Structure formats: C-alpha cells, structure tokens
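# Examining the three-dimensional arrangement
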Amino acid sequence: MRDASQPGNRTQALPASLLEWYDRHARALPWRVPPEDSRAGARPDPYRVWLSEVMLQQTTVAAVKDYFHRFTTRWPGVADLAAAEDGDVMGEWAGLGYYARARNLLKCARTVVADHGGVFPDTREGLLTLPGIGPYTASAIAAIAFGRAETVVDGNVERVMARLHDIHTPLPAAKPELTAAAARSTPADRPGDYAQAVMDLGATICTPRNPACGICPWRAPCQARARGTATDLPRKTPKKAQPVRRGIAYVARRADGAWLLERRPDRGLLGGMLGWPGSDWIEGAPPEAPPVAADWTVLGAEARHTFTHFHLLLEIRIATLPHESRPERGEFLDVAAFRPSDLPTVMRKVFDLARPSFDAVM
DNA sequence: CAATCGTGGCG
DNA sequence: TCGCCAAGATT
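The structure contained in this document is the topic of the report that follows. Remember, predicted model here, so these are calculated numbers, not experimental data.

## Observations regarding the protein's contact with DNA strand C
By nearness alone, 24 residues border DNA strand C, and Q58, G132, D154, N156 and R159 come closest of all. A share of 67% is what sugar and phosphate atoms reach among the atoms of DNA strand C within 4 Å of the protein. A distance of 3.3 Å separates a phosphate oxygen of DNA strand C from a polar backbone atom of Y136. At a separation of 2.3 Å, a phosphate oxygen of DNA strand C approaches a polar side-chain atom of R159. Those elements that place two or more of their residues in the surface near DNA strand C are α9 (135-146) and α10 (155-164). Residues belonging to the surface near DNA strand C are distributed by class as follows: nine nonpolar, eight polar and seven charged.

Written out as structure tokens, the structure reads:
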C-alpha cells in the first residue's frame, strides 16, 4: 500500500478523503455556502468572503460572528462600506482588536470602488495589491469566492501539515516547507471547499492541544500520529516575556454631561480609535499629562490590560469641568453622541471603572 | 527577519 | 494567575 502523504503520489487521496469529511461535518457559517450548494456550482459573495477573512485574521469564529452580522446589516455591499464615515467603521470595529485591519478595510473598499468598478479582483495577484490583503487572505478569497486552485496557508494549515508530514523545523522558519507541503495536496477541484475543510479540521480535530486523532479523516496517512509526536507539533521558537508599562488616563465630564474624548492618530497602537486623553505608556513611572487644568481626583482602582507585547497598568484620574472649559487636547462628545461600545476594550475598562464616580455626583 | 499590533477563551 | 492560542498584515 502506498503512503498517500508522500510527495509524488498524485492520486489525490488526501483531498478526496478530507472533502468527504467536509461534506458531512462542515460548520454552517454566515459567510459560507453549504457544501451541497458548492458542489452544485454556487459561490459565496466575494464581499462577504473578504469581510469575514479580514475579521478572522488572528481572531476566533466565535468573536467574529456578531461583528460580521452588524457590518453586513449596516453595510450590505462594498459600495456601502466605501461610502461610510471613518469614525462609524472604527466604532463598529471597536472591541475586535488589531485596528489596522479596520483602517485597511476602509482603504480597500474605497480602492475597489474607485479603481475596480466596485468589483473585487478575481485572482490572487490582483487581490494582493489591495490594502490589508496579504498572502493568506488573497489565496483564501481567490479559492473560496472565485474557485481558483490557490494554496491557502494559515495557522491551522501549518499545524495540520506539520503533523501530517511530521515536520519538526520550528516556526516561522518552517513556513516555506509547510507551504510547499500544503501546495502538494491542494486540489484543482473544489479548492475553496478544500481550504475551508483543512481549516475546519485544524479548528475542531487537529487542535493545538488534545487533538482528536481517533476520529480524524487523515489519521491513516498522518506521520505524527504514527510516531506519537502530534501534540509537540508544530514547534515554535520561544517568545520573550512581556514587560509592564504604566500610564495615566484622564476621564473628564463637563457640567452638561459631555465626555472629553480624543481620536488617536492613525498609526500605531489603537490607531484611529476613540479614547480617553492620557499619558504615554512606558516602563517606570507614568508621566503627568492632563488634557486641561482641573481638580483631578485619583481613582482608587487601576485598569489592567494585556496587549500583544506588554502588560498595561492604567491609573485613572477624574474631574468635572465647567461649561467654559477649553481643553488643550480632546473634544467633548455630548451624552447622545457617546457610545461606550465605540471604545476599544482597554478604554471601555477605564470607563467602566470611572463611571460610578460620576453617577454619584451628576 | 523580527517587531508591532487586541482581545477573549481555555487548560 | 498565566502562557498559549486564533482563518496575518505591515514595516
């Protein structure tokens, strides 16, 4: 019997067995066409595929679902999104994280409308020219929305390939090797379903911890399972410890109830998002940085938050301001215009800690 | 290539 | 409590 995982085996037994599994176990998702419809030639809306793939970058399906529904309800097509106000899109994205994605989402929508007649390019190469669309997303859209036989490599595919072929090279150095392995088993038929099948497999069976090898459709050809190395793969280069940074956030309310907020610059951490005026976040003592001269009260509780590469401890100071107050930084948002849900999570934490103190007085 | 860039869940 | 992890892109 031949080993189906060996390169050079062109029987395509690997995609066939996985697609058979996918036909029975595909998860129903709002941006997805069911496998039976897909086999009949149906394809999903490229706009919805693009939006879902951008939202899913480094983000779980569970976290994305509500955001996807709100975005597609408010902006049903790419032209609707392209015409949206920046602040509305950033506010709708608030809480999902990696806010450069939202900035690039808008740039991309506007480019598609302005330079492509409102129609997404239907090739990987064409898609790669658009903001926020990298190697993974370009291949995913080309395969899923346009039926092109592109190789889709995300974290799931890397893990599945590392185990299937028992590859011990640590990531990210192993990336080319894993991509080559994935390319060898990408089928010309149903490439979009195949890509989603590998990702479903990685998300539900070939999981990072406690993989369910016993019920895996690829248990027979899997070399890591045969050698007992599955849970050790893929190997990764160790990452360094995260430092603690400290800062001060200033929460102020005017006598008429308006809140003092600030739009952050379009680059860097939380770029383009609404937030409370504050100091820089640094290791060591946080610098004073009040947006306006006032009688600032130090709040007892601090906001704690962990970002990708540091922990943050935010001291909170609050003040009520007179009508004639003219802050050096930030702008007043009246009660009707301020939605706490427009804030990124760290800023919403600050708000939740500070608000009771205002409720008591106002 | 390595660093930057969020958040929530889970063992 | 903590580290790891999730359908990565950009610089």
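## Looking at the protein's contact with DNA strand B
Neighbouring residues of DNA strand B: 20 residues in total, closest Y99, L270, H305, H309 and T345. Close to the protein, within 4 Å, the atoms of DNA strand B belong to sugar or phosphate groups at a rate of 61%. A distance of 3.5 Å is found between a phosphate oxygen of DNA strand B and a backbone nitrogen or oxygen belonging to L269. In this structure, a phosphate oxygen belonging to DNA strand B sits 2.6 Å away from a main-chain N or O atom of T345. Residue assignment for the surface near DNA strand B shows that the elements contributing at least two residues are β5 (303-306) and α14 (345-361). The element contributing the most residues to the surface near DNA strand B is α14, with three residues. Counted by class, the surface near DNA strand B contains eight nonpolar, 10 polar and two charged residues.

## A look at the environment of G117
Relative to the helices and strands, G117 is located in the loop between α7 (100-115) and α8 (124-128). With relative accessibility at 66%, the residue G117 sits in the exposed group. Spatially, the C-alpha atoms of G117 and A79 are 9.6 Å apart, while their sequence positions differ by 38 residues.

Definitions and cut-offs
- Residues numbered from 1 in each chain as written.
- Chains lettered and ligands numbered in written order.
- Predicted model: local features only at pLDDT ≥ 70, side-chain atom pairs only at ≥ 80, totals over all residues.
- Heavy atoms only, no water.
- Near = heavy atom within 4 Å.
- Polar contact = N/O pair within 3.5 Å; in protein donor to acceptor, adjacent residues only side chain to side chain.
- Helix = DSSP H or I, 4+ residues; strand = E, 2+ residues; numbered from the N terminus.
- Nonpolar A, V, L, I, M, F, W, Y, C, P; charged D, E, K, R; others polar.
- Buried < 20%, exposed > 50% of the residue type's maximum accessible area, 1.4 Å probe, protein only.

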